[in-house]
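Commentary on secondary and tertiary structure
This is what each chain is made of:
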Amino acid sequence: FALGYEICAPGVACDEQIIDGAMAIGCNMMRAWCGADWAPTEVLLARRRPTDTRPYQAFFRCPVRFNAEQTALVFPSHWLQHPIAASNPELKAILKAQVAELSGRDRDFGADVRRTLRALLVTGVCTADHTASLFSMHRRTLGRRLEEQGASFAALLAEVRYEAASQLLDNTDMSPSDIALALGYSDVTAFNRAFRRWSGTTPGRLRTQEEPPTAPS
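First, a word on scope: everything that follows refers to the structure included in this document. (Residues numbered from 1 in each chain as written. Predicted model: local features only at pLDDT ≥ 70, side-chain atom pairs only at ≥ 80, totals over all residues. Heavy atoms only, no water.)

So, on to the environment of Trp198. Within the secondary structure, Trp198 is located in helix H9 (residues 188–199). By relative accessible area, which is 11% here, Trp198 ends up buried. Sequence spacing of Trp198 and Ile7 is 191 residues, and the spatial spacing of their C-alpha atoms is 20 Å. (Helix = DSSP H or I, 4+ residues; strand = E, 2+ residues; numbered from the N terminus. Buried < 20%, exposed > 50% of the residue type's maximum accessible area, 1.4 Å probe, protein only.)

What follows is the structure in structure tokens.
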């Protein structure tokens, strides 16, 4: 099982610190629920390797892989069934009611789909049918809901792919071919062609720029 974290908004400052902090918080949460001795099998960080990795090894107590295609804590799925000793049934009921209330309010459906696509990119299953199933609806319903907001599945996927590619180029030392594979392209040529269409430049040139071009409309 992988407990992941993604920065969906482009151009976020101090993103490497945010990535490190998110995984540290996630690890502390798991230790609070499963015991202080809990440790992940592996930690994936979509950021460049720092000069000194010893603090990471000391905190996570497991292998840490930098320049990864995603940011996540990897651990056996049986921990998801681990009972929480300090669980509070009354608090759980209150929180479930609050979640149900929030779910019933008007939301930006396009933003919800966009966040979902960002998480799905690294799974290799980023299709309209699969995305629609996660929202418990038919693909045509997904398309109609997006069309009502002036969006489309293809446009959202292109935008999310561009932003993910820009983040990996900016934050990691992954090669364009590895990034192409992580984002579901058949080869680096297809990735370079799409990236040039989105941004007007090549992945290699983007790494030399201070700010990435704007995302496709």
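A grouping of Ile25, Met29, Trp33 and Ile84 is seen on the molecular surface, where their side chains present a nonpolar patch of about 370 Å² in accessible area. Looking at the element boundaries, Met29 is found in helix H1 (residues 15–34). On the basis of relative accessibility, which here comes to 38%, the residue Met29 falls in the partly exposed class. (Patch = residues over 30% accessible without salt bridge, like charges linked within 9 Å, V, L, I, M, F, W, Y side chains within 5 Å. Areas by Shrake-Rupley, 256 points an atom, 1.4 Å probe, with all protein chains shown as cover. Salt bridge = Lys/Arg side-chain N within 4 Å of Asp/Glu carboxyl O.)

With that settled, the discussion passes to unusual backbone geometry. Backbone geometry at Arg61 places phi at a positive 60 degrees, although glycine is not the residue there. By the element assignment, Arg61 lies in the loop between helix H2 (54–60) and strand E3 (64–65). Owing to a relative accessible area of 42%, Arg61 belongs among the partly exposed residues under this scheme. Despite not being glycine, Asn67 shows a phi value in the positive range, around 55 degrees. Relative to the assigned elements, Asn67 resides in the loop between E3 and strand E4 (71–74). Residue classification places Asn67 among the partly exposed positions, given a relative accessible area of 22%.

Strand order in the open sheet formed by four strands is E1-E4-E2-E3, and the pairing between neighbours is mixed. The open sheet has two edge strands, strand E1 (2–5) and E3, and neither has a second partner. Here four bridges tie E1 to E4, and the two strands are oriented antiparallel to one another. Following the sheet pairing, Tyr5 is matched in E4 by Thr71. Relative to the sheet, H1 contacts E1 and E4, its axis offset from that of E4 by approximately 25 degrees. (Pairing = 2+ DSSP bridges. Contact = heavy atoms within 4.5 Å. Axes fitted to C-alpha atoms, helices over the stretch in contact; angles between N-to-C directions.)

Before going further, it helps to examine the packing of aromatic side chains. Under the counting rule described, the total for this entry stands at ten aromatic pairs. Here the aromatic rings of Tyr56 and Phe66 are separated by 5.1 Å at their centres, their planes lie at 85 degrees, and the arrangement is edge-to-face. Of this pair, Tyr56 sits in helix H2 while Phe66 sits in the loop between E3 and E4, placing them ten residues apart in sequence. Assigned by exposure class, Tyr56 and Phe66 land together as buried. Pairwise contacts between aromatic rings join Tyr162, Tyr185, Phe191, Phe195 and Trp198 into one cluster. The cationic tip of Arg145 hangs over the ring face of Phe109; the distance from NZ or CZ to the ring centre is 4.1 Å. A cation sits over an aromatic face here: Arg161 above Tyr185, 4.4 Å from the ring centre. (Phe/Tyr/Trp six-rings, centres within 6.5 Å; stacked < 30°, edge-to-face > 60°. Lys NZ or Arg CZ within 6 Å of the ring centre and 35° of its normal.)

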